[in-house]
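# Tertiary structure, described
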Amino acid sequence: VIKYKFRSDDPFCTEGSTLGKPCMEFDSMNRRLSLYPAGPKARGSRELNPWAVAGRHYEVGVEAGAFTDAITTGEALTNSMQAAAFFLTVMDDEDGPVLLSSSLQNGTIITPPMTSVLLTFSETVQAGDGSLAITSWAESAESPRLNLPSGVTTISSTGSVVVLTFDAAVQAGEGSFGLYSTVDATEPVAEIPVSDVSFVGNNIMFSLGGILAELVADQPKYFVRSSSKTAIRSAHDGREINSPIDTASQTSTYFKAEDSPMRLVHTTVDDFLCMPSVLPDIVLSWNEEITNVSGSMKIVSLHDCGYVEANGDCSSYPVWSLFAGTDDNADIKVELLPNRSYQAILRTGSLPSHKPGSSTIPLRSGKLYKLVVEESLFEDEPVWVTTYYPNTTTSTTPTTTVTTSTISFTTTTSRTSSTETTSFAEPNLSNMSFYDDEADDNVSASRYGVRRLSAIDSMGERRLWGEMIAVSNLVMIGSPRFALSIPVCEVVFDQTNGSLVRIYPHLGGIEGPRGYQLSVAERAITDSLGNRLSPGFSVSWALEHNPPRFDPESCTPPRGSVASLTENLVLSFTETVQAGQGFIQLWKVEDQEGRVPD
């Protein structure tokens, strides 16, 4: 009895076949044909609908002439396949594939270039939901060290967040961090335990709340010290740092409270060399506290930029554009982390099921995407901006600079300033200062409504010609528009040997020392029946940490020998090398002072 019958005109599974109906699919080389007797479970899926009964025997028969070789000229030259048949017995199979070997072992130290990671499984495998990723982090041959610019770094006076950056990834140790004033460094102005500090990539972050706003007038500059060298450890091997942190003595870095725009310090996307094809949630860390998520939902869009190795163009029409916010109707929920108000979560791991990047429709292997987030999704502490109207000029803020018949004004726009000059038709106003006619001790009250300012000359006499109207506005600046690069891991399933899988990391121009970890979840790869990996696994490796060394014993001519006039000089090293910078000099032995190279 024929249970399933395939004809040459049956639809291919990739061409929109009817679900539940027989279909077939050639591989990319047209050498393997997959039969789906009852069709795939879903469009684009390689998981079969159940078609056999456990314990039963089946014969697969192929009629003569069902297949021919490559297209030839003329029917007489066509080579047709002879009739063939094979038998199989269907048994219950609930065991998933097992990893047998990996071309990289845990702890392997590699030197670039590395093209791929080869995985061998116990049976033929296929793509699952694509939850496979490679994370990456900076390492150091020594313990982590501060990597901060010297000078003064501004931080928000109201939502103060201190960010310390290191030359390698760090993790929490034990102890605390103190904020010290440059005026009195004996006692900390504030002390923050390690448990209240965020460790993200190469950065540590902690909030000071409104502490600086209270002290900024008297103590304008601060620096940070750790209570001990155990407060910070290497994320790579857990080593403690060489000495306690002191930003003043180690990097000459100081912090000053001042209004500054929001800046994205780190995202969890930064931790990936390549990401899974099912998007995870994304944590965003900012340089100041977030007071609120925007009341109106903002647009988050995903753009397809082509393949990673091609450095594609991201200007294409977005794959999708979704609303993000705290509203119940938001496509992407946004949340602030408890007790970490400078960190927020984009719930991209819970996309609508019909959108690419969800578990139903994974992103394409080896592709580069960009996630673009509209400005002002997050709100920081509002800023009062006072605008002045001298006669009929544009919104300006006066400075104390006054010249003949002109006054200079500084225009304030979104925390940036520019200077312009406005002419007055009134008499000479040189050597005048400005006076707020309605200022009082109640600062917040004086910010509302309209105020009038007038000029006072050097003799202390008020001149009403310079009268100006001042209006204060509450300005919500918020987060800037930003884009995150999403490179999806390139995973290739071998078409000839179905148990082999290659993963291409695309290290590109990345320089060491760096550590990497390939993580493959149970659902990332399945067998032909949809059974998951048993179990999931991870493999870690690192780019080499040690620089090449000169090997004089292996050079030509050998050390101490007499070379001929035509003999080449061959320098030998402990590993493969490439050109760097600088030059090589040849010196005379007689020139003991080393002053005259040949």
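Residues numbered from 1 in each chain as written. Predicted model: local features only at pLDDT ≥ 70, side-chain atom pairs only at ≥ 80, totals over all residues. Heavy atoms only, no water.

## Side note on the overall build of the chain
- Across its full length, the chain holds three helices and 42 strands.
- Looking at the 598 residues of the chain, the share that counts as buried comes to 37%.
- Long-range contacts, defined as pairs at least 24 residues apart, comprise 63% of the intrachain contacts of the chain with a sequence gap of at least 6.
- A total accessible area of about 33300 Å² is found for the chain, and carbon and sulfur atoms account for 49% of it. (Helix = DSSP H or I, 4+ residues; strand = E, 2+ residues; numbered from the N terminus. Buried < 20%, exposed > 50% of the residue type's maximum accessible area, 1.4 Å probe, protein only. Contact = heavy atoms within 4.5 Å. Areas by Shrake-Rupley, 256 points an atom, 1.4 Å probe, with all protein chains shown as cover.)

## A word on the side chain of Ser479
- Mapped onto the fold, Ser479 is located in the loop between strand E36 (462–475) and strand E37 (482–487).
- Ser479 gets classed as buried once you look at its relative accessible area, which sits at 2%.
- A polar atom in the side chain of Ser479 sits 3.3 Å from the backbone nitrogen of Leu377.
- Not counting residues within four places of it along the chain, the set of residues in contact with Ser479 comprises Met262, Trp286, Glu375, Ser376, Leu377 and Phe378. (Polar contact = N/O pair within 3.5 Å; in protein donor to acceptor, adjacent residues only side chain to side chain.)

## Some details on unusual backbone geometry
- At the junction of Ser534 and Pro535, the peptide bond is cis and its omega measures out at -5° in the coordinates.
- Its place among the elements puts Pro535 in the loop between strand E41 (525–527) and strand E42 (537–543).
- Omega for the peptide link from Thr556 to Pro557 comes to -5°, which places this bond in the cis form.
- Within the secondary structure, Pro557 is located in the segment after E42.
- Here Ser252, not a glycine, exhibits a phi torsion of approximately 55°, which is positive.
- By the secondary structure assignment, Ser252 is in the loop between helix H2 (247–251) and strand E19 (253–257).
- For Ser252, a relative accessible area of 38% puts it in the partly exposed group.
- Of note in the backbone geometry, Ser376 takes a positive phi value of approximately 65° without being a glycine.
- One can find Ser376 in the loop between strand E28 (367–373) and strand E29 (378–379).
- The partly exposed category is assigned to Ser376, whose relative accessible area is 23%.

## Side note on a nonpolar patch on the surface
- Nonpolar side chains collect at one region of the surface, where Phe550, Leu571, Phe573, Val577 and Ile584 lie side by side and expose about 500 Å² of accessible area between them.
- Mapping Phe550 onto the fold places it in the segment after E42.
- For Phe550, a relative accessible area of 46% puts it in the partly exposed group. (Patch = residues over 30% accessible without salt bridge, like charges linked within 9 Å, V, L, I, M, F, W, Y side chains within 5 Å. Salt bridge = Lys/Arg side-chain N within 4 Å of Asp/Glu carboxyl O.)

## What to know about the pattern of salt bridges
- Under the defined criterion, the tally for this structure stands at nine salt bridges.
- Between Asp129 and Arg523 there is a salt bridge, with its nearest N and O atoms 2.7 Å apart. Of the two residues, Asp129 is situated in the loop between strand E8 (125–127) and strand E9 (132–138) and Arg523 in the loop between strand E40 (514–520) and E41; the sequence distance between them amounts to 394 residues.
- Assessed through its relative accessible area of 40%, Arg523 is described here as partly exposed.
- Put simply, Asp304 and Lys367 hold a salt bridge, and the shortest N to O gap is 2.8 Å. Placement of the pair is Asp304 in strand E24 (residues 298–307) and Lys367 in strand E28, with a sequence separation of 63 residues.
- The class for Asp304 is partly exposed, based on a relative accessible area of 22%.
- Taken together, the salt bridges that share partners define one network made up of Lys229, Arg233 and Glu240.

## Considerations on the nonpolar core
- Leu284, Trp320, Leu346, Leu371 and Phe378 are the most contacted members of the largest nonpolar core, which has 29 residues in total.
- With 26 residues, the next largest nonpolar core counts Leu273, Leu518, Ala524 and Phe537 among its residues. (Core = buried A, V, L, I, M, F, W, Y, C linked by side-chain atoms within 4.5 Å.)

## Structural notes on the confidence of the model for the chain
- The predicted model of the chain averages 77 in pLDDT, with 74% of residues at 70 or higher.
- In the model of the chain, helix H3 (residues 443–446) stands out as the element of lowest mean pLDDT, 30, in contrast to strand E22 (residues 282–286), which has the highest, 96.
- This stretch, residues 388–457, has a pLDDT under 50; its non-local contacts, to residues over four places away or in other chains, come to 160 contacts.
- Low pLDDT, under 50, characterises residues 462–470; the stretch is placed with 46 contacts to residues that sit more than four places away or in other chains. (pLDDT = per-residue confidence, 0-100.)

## Some words on the packing of aromatic side chains
- In this structure the tally under the stated criterion is 11 aromatic pairs.
- Geometrically, the ring pair formed by Phe550 and Phe573 is edge-to-face, given 5.9 Å between the ring centres and 65° between the ring planes. Of this pair, Phe550 sits in the segment after E42 while Phe573 is found in the segment after E42, placing the two residues 23 residues apart along the sequence.
- Every member of this aromatic cluster is reached through a ring pair, and the members are Tyr4, Trp51 and Tyr58. (Phe/Tyr/Trp six-rings, centres within 6.5 Å; stacked < 30°, edge-to-face > 60°.)

## Observations concerning the side chain of Thr526
- Structurally, Thr526 is set in strand E41.
- Sequence-distant contacts of Thr526, that is, excluding residues within four places in its chain, are made with Pro97, Thr124, Val125, Gln126, Ala127, Gly128, Asn531 and Arg532.

## Looking at the sheet that holds strand E25 (residues 320–325)
- Taken in spatial order, the eight strands make up an open sheet running E20-E22-E27-E26-E25-E24-E28-E37, and their pairing is mixed. Across the chains shown, the open sheet's two edge strands, defined by having one partner strand only, are strand E20 (264–267) and E37. Ignoring which end each strand starts from, the neighbouring axes of this sheet average 25° apart. (Pairing = 2+ DSSP bridges. Axes fitted to C-alpha atoms, helices over the stretch in contact; angles between N-to-C directions.)

## Quick look at the sheet that holds strand E6 (residues 108–110)
- Strand order in this open sheet of five strands is E6-E42-E40-E9-E21, and the pairing throughout is mixed. Each of the sheet's edge strands pairs with one partner strand only, and the pair in question is E6 and strand E21 (272–274). On average, each strand axis in the sheet is inclined to that of its neighbour by 30°, with strand direction left out of account.
- For E6 and E42, the ladder comprises three bridges, and the chain directions are parallel. Bridge pairing in E42 links Ile110 to Leu543.

## Some details on the environment of Ser485
- Locating Ser485 in the fold gives a position in strand E37.
- As a C-alpha pair, Ser485 and Cys314 span 171 residues in sequence and 9.9 Å in three-dimensional space.
- When sequence neighbours within four positions are dropped, the list of residues in contact with Ser485 reads Val269, Leu368, Tyr369 and Lys370.

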